[in-house]
Structures are given as structure tokens and as C-alpha cells.
Amino acid sequence: QVQLVESGGGLVQAGGSLRLSCAASGRTFSSYAMAWFRQAPGKERAFVAAISWGGGRTYYADAVKGRFTISRDNAKNTVYLQMNSLKPEDTAVYYCAAGRTTSFYKSDYDYWGQGTQVTVSS
């Protein structure tokens, strides 16, 4: 069992930066792949970024590639999403997720956080 709690969301101006954190509880956190998804009002929950359990492989959605960076600190049981050059279209609720494999499919993730709101003003 893994519990995930996101933090770091808020209001930021376009072009600004924000770092989201996801704190995990569980005995085998380091064995899980981690990912971030986001959901804007009226839209489906969409893949943002993923990282393998050891941190050696990362994947990004085209919309955020070059601007966002996913990382993890297994010693702290925490995954991060560094968001730079934010755009209004990045506005969404951001969710972290944990799964047994690294992928961009929602179905591959077994545990989800409650989400944190990110709003980017123009």
C-alpha cells in the first residue's frame, strides 16, 4: 500500500516557475515508478511525466518537454515536478501516481494522490 500527498500548487504568472512535491508513505516506495498527470476543467486526465523506480528513465508529454522536469528522492520518499516557463494552458489539477511499471497510461498506476491545483495567469 502506498499513500501519496501532493503539495506545492498555487497561482503563478505566465513564464514563472513552480515545483510540485509528492510525498509517499509505504515500505517499498523505491520499487515504484512514479508519474504526474493533470486534468483541466472539462478535459480528460492527461499524462505529464514519468520516472522509473531508479530514476534512470524519464518520459514527458510533448506539451511539457523542455519545460518540466520530473525527479525523485527515494531516501525522502518524494517525487518532484519542476515546472518552468509556465503557460496558461498548464492550468490544471496535478496528480501524482505510483505504479509497478513506468508508462504514460493511467491504467498502469495503482495509487493516486488527491491532486493539487496549479493556476497560471496570463
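Above this note sits the structure.
The sections below set out a description of the structure shown in this document. (Residues numbered from 1 in each chain as written. Predicted model: local features only at pLDDT ≥ 70, side-chain atom pairs only at ≥ 80, totals over all residues. Heavy atoms only, no water.)

Re the pattern of salt bridges
- Following the criterion strictly, the structure yields three salt bridges and no others.
- Note that aspartate 62 is salt-bridged to lysine 65, the shortest N-O span being 3.6 Å. Each of the two residues, aspartate 62 as well as lysine 65, counts as exposed.
- Shared partners join several salt bridges into a network, and the residues in it are Arg38, Arg67 and Asp90. (Salt bridge = Lys/Arg side-chain N within 4 Å of Asp/Glu carboxyl O. Buried < 20%, exposed > 50% of the residue type's maximum accessible area, 1.4 Å probe, protein only.)

Overview of the nonpolar core
- Ranked by size, the top nonpolar core spans 36 residues in total, and within it Leu4, Met34, Trp36, Leu81, Met83 and Tyr94 carry the most contacts.
- At the level of secondary structure, the elements contributing two or more residues to this core comprise strand E3 (18–25), strand E4 (33–39), strand E5 (46–51), strand E7 (68–73), strand E8 (78–83), strand E9 (92–99), strand E10 (109–112) and strand E11 (116–121).
- Setting aside its immediate chain neighbours within four residues, methionine 83 contacts Gly16, Ser17, Leu18, Leu20, Arg67, Phe68, Tyr94 and Val118. (Core = buried A, V, L, I, M, F, W, Y, C linked by side-chain atoms within 4.5 Å. Helix = DSSP H or I, 4+ residues; strand = E, 2+ residues; numbered from the N terminus. Contact = heavy atoms within 4.5 Å.)

Let's talk about the state of the cysteines
- The full count for this structure, using the stated rule, is one disulfide.
- Two residues share a disulfide in this structure: cysteine 22 and cysteine 96, whose sulfurs sit 2.0 Å from each other. A torsion of 50° about the S-S bond marks the disulfide between cysteine 22 and cysteine 96 as right-handed. Here the residue cysteine 22 occupies a position in strand E3, and cysteine 96 occupies one in strand E9, the gap between them amounting to 74 residues.
- Classification of cysteine 22 as buried rests on a relative accessible area of 0%.
- Overall, the relative accessible area of 0% leaves cysteine 96 in the buried class. (Disulfide = S-S within 2.5 Å.)

What to know about the packing of aromatic side chains
- In the structure shown here, the tally under the stated rule is seven aromatic pairs.
- Pairing phenylalanine 37 with tyrosine 109 gives two aromatic rings, centres 5.7 Å apart and planes at 75°, and the pair type is edge-to-face. Taken together, the positions of phenylalanine 37 in strand E4 and tyrosine 109 in strand E10 put the pair 72 residues apart, joining distant regions of the chain. Tyrosine 109 shares its class with phenylalanine 37; the two are buried.
- Plain terms: the ring middles of phenylalanine 37 and tryptophan 112 are 5.0 Å apart, the flat faces sit at 55° to each other, and that makes the pair tilted. One end of the pair, phenylalanine 37, is in strand E4; the other, tryptophan 112, is in strand E10, with 75 residues separating them in the sequence.
- Exposure remark for tryptophan 112: the relative accessible area of 27% places this residue in the partly exposed category.
- Chaining the aromatic ring pairs together yields one cluster made of Phe37, Phe47, Phe104, Tyr105, Tyr109 and Trp112. (Phe/Tyr/Trp six-rings, centres within 6.5 Å; stacked < 30°, edge-to-face > 60°.)

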